[in-house]
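# Analysis of the macromolecular model
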Amino acid sequence: MTADEILAKLQASFPGLVKSEAPLKDYPTWTVPAGSVRAVFERLHSKFSFNYLDMVTATDWSGPANPKGYPQSPAVTPAAAGAPSATAKDVFEVVYIVSALSTGMRLCLRCELPRKEAAVPSLYGIFMASDWQEREVYDMYGIKFEGHPNLKRILTQDDQQGHPLRKDYEHVADKFD
Amino acid sequence: MGIVLDNLSKIEALPGGGIALATSDELINWARTSSVWPLTFGLACCAIEMMAAYASRFDFERMGVFPRPTPRQADVMFVAGTVAKKMADPIIRIYKQMPEPKFVIAMGGCANCGGPFYDSYAVVKGVDKIIPVDVYLPGCPPRPEALMYAVIKLQEKMRKMTVKGGHGATPLQGTGSRKLT
Amino acid sequence: MTKHAHAPADLKADQMFINFGPQHPSTHGVLRIALTVEGEVVMKGDPDVGFLHRGMEKLFEARTYSQGLILTDRLDYISATHNNLGYCLAVEKLAGIQAPLRAQYIRVLAAELNRIASHLVFFGTFGVDMGAFTPFLYAFREREMIMDLFEMLCGGRLLHSYVRVGGVAADLPAGWTEKCREFLTFFKPMLKDYDTLLSGNPIFRSRTEGVGIIGADRAVSWGLSGPTLRGSGVSYDVRKAEPYCVYDKLNFTVPVGKNGDCLDRYYCRMKEMEQSVEIAFQCLDALAGAELNPGEFMAKGVPKMFKAPAGQAYAHVEASRGDLGFFAVSDGGFNPYRMHVRGPSFINVAILQEILVGCKIADVVAILGSLDIVLGEVDR
């Protein structure tokens, strides 16, 4: 079954699920509304044997990173590198890559969230691989994964201020700087 | 006694054998420099080069460098790798657990000054911000030979130490490390 | 800054709280596992990571594409070439660059040599974890020979940055292929010695056989990859599933285990080294062939600083520890707008919280060692 056929079958139940305009290169890419993320993955897992969650991550689309996010000014600041602001949107985009080990098919699903109080249902329970990856996204972006039993910081230090991979992150000097 | 007498000018064997005279500084420093026991403690990439130094080709043990798994038996800490802010407090704690006199070799660019991560929000830019350092070893990562050279430099420093404290002693030898934040 | 760990509030009277790491000889870096034990039996094991968090994904955004390469070396520092390769494939996909065929063969050759070096570190340290020190000395003797080969190639021993965007840093130096053949011929029979030295050792076997069993379903659900996944009997290898470079032209098999215990994971790696030797020989043969132009190791016209067209790309490679993916986003500038690393160690280590429950304290070291994690990649 091709990716388009799977999409057509899923669209009957999830009308918000559409093909992305700017796909991930070489992979079928769909955009899914935040509300039906868990239901879509549940269906993919149970009906279409997508059993392997490759990656969960996110992108902050609010423009080039704030140079104040670095304690010392970096060699090439993102803002000075001439990034166009046309792509800037006030959204987070959560990116999932999921694959079926039996057929080797790999899909990319994306979901746009408002930057204020961003939240998306957790995939905990369907794919255990989502456990730590969702915690990492929470740590780096502050996106809440509803239904995750242990959503707390994972990589950064305990008293980290703010979420470092947000583009507007400003570094607060601590006793080690 | 042959080795001792060859290497140490200030130790003299008395005629008849069995007894040798030496200053206590000379004797203690001789013992100290010949058994520099580091802590088995690696942080990042440099730790692999440190392991290579212990292993077949380089054989660190011939210099008396023999890793100890617990800080309470260690003389020297190789800070081999990037010091993340989350790791800073455990490092201070380990350093406090080491008995005096204790030495620190900052191995690699990260432990010296932050290295390639100089502009990162999560890295302590140099381990000397949290604990005193005796020898700075540049490189990313330094070769095992370089680590040996750092130990030789440390031994040179040790030879200058005196029992009384004063010249050549580690900064915290007199006061202990409890004052460390 | 981190708070010192204290026993959890719900600790029962006959239980004990043990802080395993971050400074512990068997954690292979700075991993901390908070263990709650009842006698010898682990009731709860909670891995705590981030002690080597260097904020790399933020730093990628402040580096040009070629500057970012040196950061990737320091992710999984034991197999640096795989990291370079994954990063370069992602950037090449994003920028539409095609590396010449000769460079592809050299890349595969370097990657497989690095895989052997990485598995040798695993072999040595896993032996030390299980109480056998001698394998460590043998493993590092052979590894030094690979380090010499890499030193000839690029000057670096551990961190290579040999694979560059568009190809490799330099062509094979004169006399290198002969040295490489010499090493591979020497190394191939050594694998049998390792089996007699460690794999057949009764103490080693009783500490690994039937310990830390991961079923195939659980392994897939937790997203494990590499030999850790294949030890459970799932034959998933990126080199076969989505061949990159020239892996589709090479002849090799993917060893899989059966029971999913520590011994199977260990043995998958030992068998993989055998396959890597075969792949390396095939690459050397191909490089000696007439159809690959000597000196064509870099795509033409790749500047040091370039803009990638706006878009998103994901490329993944089979690194020594598993499926290593790079997710790159460009907004048309000189820097990546976003670069995410799917570190296999990060995902592999998460399963500890499930499989540690019910095992003995001494088995914690065996299980952790058999996952073969590198903390640089876990914490990034």
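Summarised in this report is the structure supplied together with it. (Residues numbered from 1 in each chain as written. Chains lettered and ligands numbered in written order. Predicted model: local features only at pLDDT ≥ 70, side-chain atom pairs only at ≥ 80, totals over all residues. Heavy atoms only, no water.)

Many descriptions give the size of an interface as the accessible area lost when the pieces come together. Tallying the contact residues gives twelve residues for chain B and 21 residues for chain A. The contact between chain B and chain A buries some 1,200 Å² in all, and 56% of this surface belongs to carbon and sulfur atoms. The largest per-residue losses of area from chain B upon contact with chain A belong to Lys85, Asp119 and Tyr121 of chain B, which jointly make up 52% of the total buried on that side. Between Lys85 of chain B and Asp174 of chain A there is a salt bridge, and its shortest N-O distance comes to 3.3 Å. (Contact = heavy atoms within 4.5 Å. Buried area = accessible area lost by both parts, 1.4 Å probe. Salt bridge = Lys/Arg side-chain N within 4 Å of Asp/Glu carboxyl O.)

Looking now at the pattern of salt bridges. Summed over all chains, the structure comprises 44 salt bridges over all chains. A salt bridge links Lys86 of chain B to Asp48 of chain C, with the shortest nitrogen-to-oxygen separation between them at 3.2 Å. Of this pair, Lys86 of chain B sits in helix H4 (residues 85-97) while Asp48 of chain C sits in strand E3 (residues 41-48), each in a different chain. (Helix = DSSP H or I, 4+ residues; strand = E, 2+ residues; numbered from the N terminus.)

We now examine the nonpolar core. Phe41, Leu44 and Ile143 of chain A are the most contacted members of the largest nonpolar core, which totals 212 residues. When residues no more than four places from it in sequence are discounted, the contact partners of Phe41 of chain A are Leu53, Tyr96, Val98, Leu109, Leu123, Ile126 and Phe127 of chain A. Residues Ala47, Phe78, Met107 and Leu147 of chain B belong to the second largest nonpolar core, which totals 25 residues. (Core = buried A, V, L, I, M, F, W, Y, C linked by side-chain atoms within 4.5 Å. Buried < 20%, exposed > 50% of the residue type's maximum accessible area, 1.4 Å probe, protein only.)

In this section: the packing of aromatic side chains. This model, assessed by the stated rule, comprises 27 aromatic pairs over all chains. Both rings, one in Phe41 of chain A and one in Phe127 of chain A, keep their centres 6.1 Å apart while their planes meet at 90 degrees; by these two values the pair is edge-to-face. Taken together, the positions of Phe41 of chain A in helix H2 (residues 37-47) and Phe127 of chain A in the loop between strand E6 (119-121) and helix H3 (130-141) put the pair 86 residues apart, joining distant regions of the chain. Using a relative accessible area of 0% as the deciding quantity, one classes Phe41 of chain A as buried. Arranged with centres 5.7 Å apart and planes meeting at 85 degrees, the rings of Phe126 of chain C and Phe204 of chain C form a pair that is edge-to-face. Note that Phe126 of chain C is positioned in helix H4 (residues 101-129) and Phe204 of chain C in helix H7 (residues 202-208), a separation of 78 residues in sequence. Three or more aromatic residues link up through ring pairs in this structure, and these residues are Phe122, Phe126, Phe204, Tyr266 and Tyr267 of chain C. Directly above the aromatic system of Phe346 of chain C lies the positively charged group of Arg380 of chain C, at a separation of 4.7 Å from the ring centroid. (Phe/Tyr/Trp six-rings, centres within 6.5 Å; stacked < 30°, edge-to-face > 60°. Lys NZ or Arg CZ within 6 Å of the ring centre and 35° of its normal.)

It is worth spelling out the sheet that holds strand E5 (residues 135-137) of chain B at this point. Residue and element names in this part refer to chain B. Read across the open sheet, the three strands follow the order E3-E4-E5; overall the sheet is parallel. In the strand order of this sheet, the two ends are held by strand E3 (76-80) and E5, each with one partner. Averaged over all pairs of adjacent strands, the angle between their axes in this sheet comes to 15 degrees, without regard to strand direction. Note: E3 against strand E4 (residues 103-107), five bridges, orientation parallel. Within the sheet, the bridge partner assigned to Ala80 lies in E4 and is Met107. (Pairing = 2+ DSSP bridges. Axes fitted to C-alpha atoms, helices over the stretch in contact; angles between N-to-C directions.)

Okay, the pairing of strand E6 (residues 311-319) of chain C next. If a strand is regular, its side chains alternate between the two faces of the sheet. Residue and element names in this part refer to chain C. When you tally the buried positions in E6, you get eight out of nine residues, the bulk of the element. Across nine bridges, E6 lies against strand E7 (residues 322-330) in antiparallel orientation. Along E7, the bridge assignment pairs Tyr314 with Phe327. Linking E6 to E7, which pair antiparallel, is a turn of two residues.

All names here are of chain C. Counting through the fold element by element, Ala95 comes out in helix H3 (residues 80-95). Judged by relative accessible area, which is 21%, Ala95 ranks as partly exposed. Spatially, the C-alpha atom of Ala95 lies 9.7 Å from that of Gly332, the residues being 237 residues apart in sequence. Apart from residues lying up to four places away in sequence, Ala95 is in contact with Phe306, Ala308 and Pro309.

With that out of the way, let us pick up H2 of chain A. Residues and elements named next belong to chain A. Listed as buried for H2 are Val37, Val40, Phe41 and Leu44. Projection of H2 onto a plane perpendicular to its axis shows the buried side chains occupying an angular sector of 95 degrees, all on one side. The exposed residues of H2 that point more than 90 degrees off its buried face are Ser46 and Lys47. Those residues of H2 that are buried are in contact with helix H1 (3-13), strand E2 (29-31), strand E3 (52-60), strand E4 (91-99), strand E5 (106-114) and E6. Downstream of H2 by one or two residues, Ser49 has phi in the positive range, about 50 degrees. (Arc of directions from axis to C-beta.)

Another aspect to go through is a nonpolar patch on the surface. Residues and elements named next belong to chain B. On the surface, Leu14, Ile19 and Leu21 cluster together to form a nonpolar patch covering roughly 270 Å² of accessible area. With respect to the helices and strands, Ile19 occurs in the loop between strand E1 (12-13) and strand E2 (20-21). Owing to a relative accessible area of 48%, Ile19 belongs among the partly exposed residues under this scheme. (Patch = residues over 30% accessible without salt bridge, like charges linked within 9 Å, V, L, I, M, F, W, Y side chains within 5 Å. Areas by Shrake-Rupley, 256 points an atom, 1.4 Å probe, with all protein chains shown as cover.)

In this assembly, 60 residues from chain A lie in contact with 50 residues from chain C. On the chain A side of the contact with chain C, Tyr52, Trp132 and Leu155 of chain A bury the most area, a combined 16% of that side's loss. Where chain A meets chain C, there are four salt bridges. Salt-bridge contacts for Glu61 of chain C lead to Lys167 of chain A; the nearest nitrogen and oxygen are separated by 3.2 Å.

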